[in-house]
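# Reading the structure
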Amino acid sequence: MLFDPWNPDFVAHPYRVYDELRREAPVSYFEPTGQWLISRHADVNALLRDRRLGRSYLHVATHEEFGRPPEPEFLEPFWRVIRAGMLDVEPPVHTRLRRLVSKAFTPRMVESLRPQVRAIAAGLVDAYVDKGGGDLIAEVAEPLPVTVIAAMLGIPEQDRHLLRPWSADICGMYELNPTPDAQHTAVRAATEFSAYLKSLARDRRANPGDDLISALTRIDELTEEELAGTCVLLLNAGHEATVNVTGNGWWALFRNPGELERLRADRSLLPTAVEELMRWDTPLQMFERWVLEDIEVHGVEIPRGSEVALLFGSANRDPAVFEDPDRLDVGRADNPHISFGAGIHFCLGAPLARIELIESFGALLDRAAKLELRQQPAWKPGYVIRGLRSLDLTATA
Ligand code: HEM
């Protein structure tokens, strides 16, 4: 099999292809997307930190100067919202936005959420186990991070059902070569989401509460557009990946029952287990970067204006960095996985994601003495954001 992100068999089993890429072709050109695939851990890690690359090039060149077609006009509202958040901009704008948002999203604030996260996880898992199980993704994996991030931002409960569809529609743009339909859907979702958040922020400015949106409205330098873009980013980034780590992680444990038993017997392994599950089957398989100045990787010249695709899933299984990389080891101590990225865009929410994952895996182990797979799960079609459609389990208290 070859690298083929549109082939469901590849999406289900990408790891043998990665082995071959790392061994034979650490840098290879992928014609269908016009990207250079980078498969080794050392290269992915170095390029994420290399300022000659960026998530955007618009701070140094126009589309035309970069040899790219202009953006279709209909996508303008989408990009206006997305580029008002820190993820899709580069310094100096990125530095400014990340610094401002970090004032409100502090490690102390995140740590103070732990009891609340624990209570939400316990409530969801109790209900799940009481009815004997069901789809773990729909009933635990999704609602937990959505509830946490929505509560943290202060989204009223009656509006929370709007968040997942908006977020899923926006994320459709991050798959490779999105269809025109997916693009139009993403534009509509971004526009509605941003308008909703602006109106909520205006309300909080007048009647502040104890939530992150109120805190962000107190940061004068943050424009209304930036505040909405930041909240869209936090809401999307704040749950999509966490949902898929939960699903992929449990599925990994079911395929490695010895490791599941080991974790059940020794709950002190939860922190290393969560890191290992993120390494072994990362939900974010690939991140892209634009090449802003000519670079050379393993003797291959990659000119300015090119795009590289950093294969996180491959980097995480690199035998040069991880001993016995295909083995799931819930006690793996030395685990420099790349699943939260590296460099200036390193995941801002990593501490919160870790709390959510430890609490949700712990709650399920505590409350369900026995968990059994009812049927083989299927993967969703997406490759870049890779997760299961559902995970149907029987849970016995
Ligand atoms: C297990 C779950 C998560 C994973 C695997 C993950 C992964 C990542 C990765 C790989 C990046 C960097 C992207 C790049 O370099 O191109 C990133 C950035 C980011 N993540 Fe996460 N993330 C997770 C959860 C969260 C949560 C819970 C939040 C917030 C509540 C969050 C907020 C962010 C933000 C704001 C950025 C942009 C940082 C910047 O551009 O400076 N993430 N995440």
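Residues numbered from 1 in each chain as written. Predicted model: local features only at pLDDT ≥ 70, side-chain atom pairs only at ≥ 80, totals over all residues. Heavy atoms only, no water.

Let's shift gears to the packing of aromatic side chains. Inspection of every chain in the model, using the stated rule, returns 18 aromatic pairs. A ring pair is formed by Trp250 and Phe254, whose centres lie 6.1 Å apart and whose planes are at 40 degrees; its orientation type is tilted. Of the two residues, Trp250 and Phe254 both sit in helix H14 (residues 240-255), four residues apart, roughly one turn of that helix. Using a relative accessible area of 1% as the deciding quantity, one classes Trp250 as buried. A connected cluster of aromatic rings, assembled from ring pairs, spans Phe3, Trp6, Phe10, Tyr15, Tyr18, Phe30 and Tyr383. The ring of Phe322 has Arg279 lying over it, and the distance from NZ or CZ to the ring centre is 5.1 Å. Here the guanidinium or amino end of Arg386 rests over the ring plane of Trp379, the centre of that ring lying 3.8 Å away. (Phe/Tyr/Trp six-rings, centres within 6.5 Å; stacked < 30°, edge-to-face > 60°. Helix = DSSP H or I, 4+ residues; strand = E, 2+ residues; numbered from the N terminus. Buried < 20%, exposed > 50% of the residue type's maximum accessible area, 1.4 Å probe, protein only. Lys NZ or Arg CZ within 6 Å of the ring centre and 35° of its normal.)

Attention now goes to the pattern of salt bridges. Within this structure, the stated rule accounts for 34 salt bridges. The salt bridge involving Arg23 is made with Glu24; its shortest N-O contact spans 3.8 Å. Overall, Arg23 belongs to the exposed group, its relative accessible area being 57%. Between Asp88 and Arg55 there is a salt bridge, with its nearest N and O atoms 2.9 Å apart. (Salt bridge = Lys/Arg side-chain N within 4 Å of Asp/Glu carboxyl O.)

With respect to the secondary-structure elements, Val308 resides in strand S8 (residues 307-311). Through-space distance from the C-alpha of Val308 to that of Arg16 is 21 Å; in sequence the pair is 292 residues apart. Residues contacting Val308, with those up to four places away along its chain left out, are Trp36, Ile38, Leu53, Phe287, Glu288, Arg289, Val291 and Ile302. (Contact = heavy atoms within 4.5 Å.)

Turning next to the coordination of the iron atom of the ligand. There is one protein donor for the iron atom of the ligand, namely Cys347 (SG), at 2.3 Å. Relative to the helices and strands, Cys347 is located in the loop between helix H17 (312-315) and helix H18 (350-367). (Donors = N, O, S within 2.8 Å, 3.2 Å for Na, K, Ca; no water.)

Let us look at the sheet that holds strand S2 (residues 35-38). If you walk across this open sheet you meet the five strands as S1-S2-S8-S5-S3, and the pairing is mixed. Each having just a single partner strand, strand S1 (27-30) and strand S3 (53-54) make up the two edges of the open sheet. Here S3 pairs with strand S5 (residues 286-291) via two bridges, running antiparallel. Residue Gly54 lies in a different strand from S5, and its bridge partner there is Trp290. (Pairing = 2+ DSSP bridges.)

Read these as layout, nothing more, since geometry by itself doesn't imply function.
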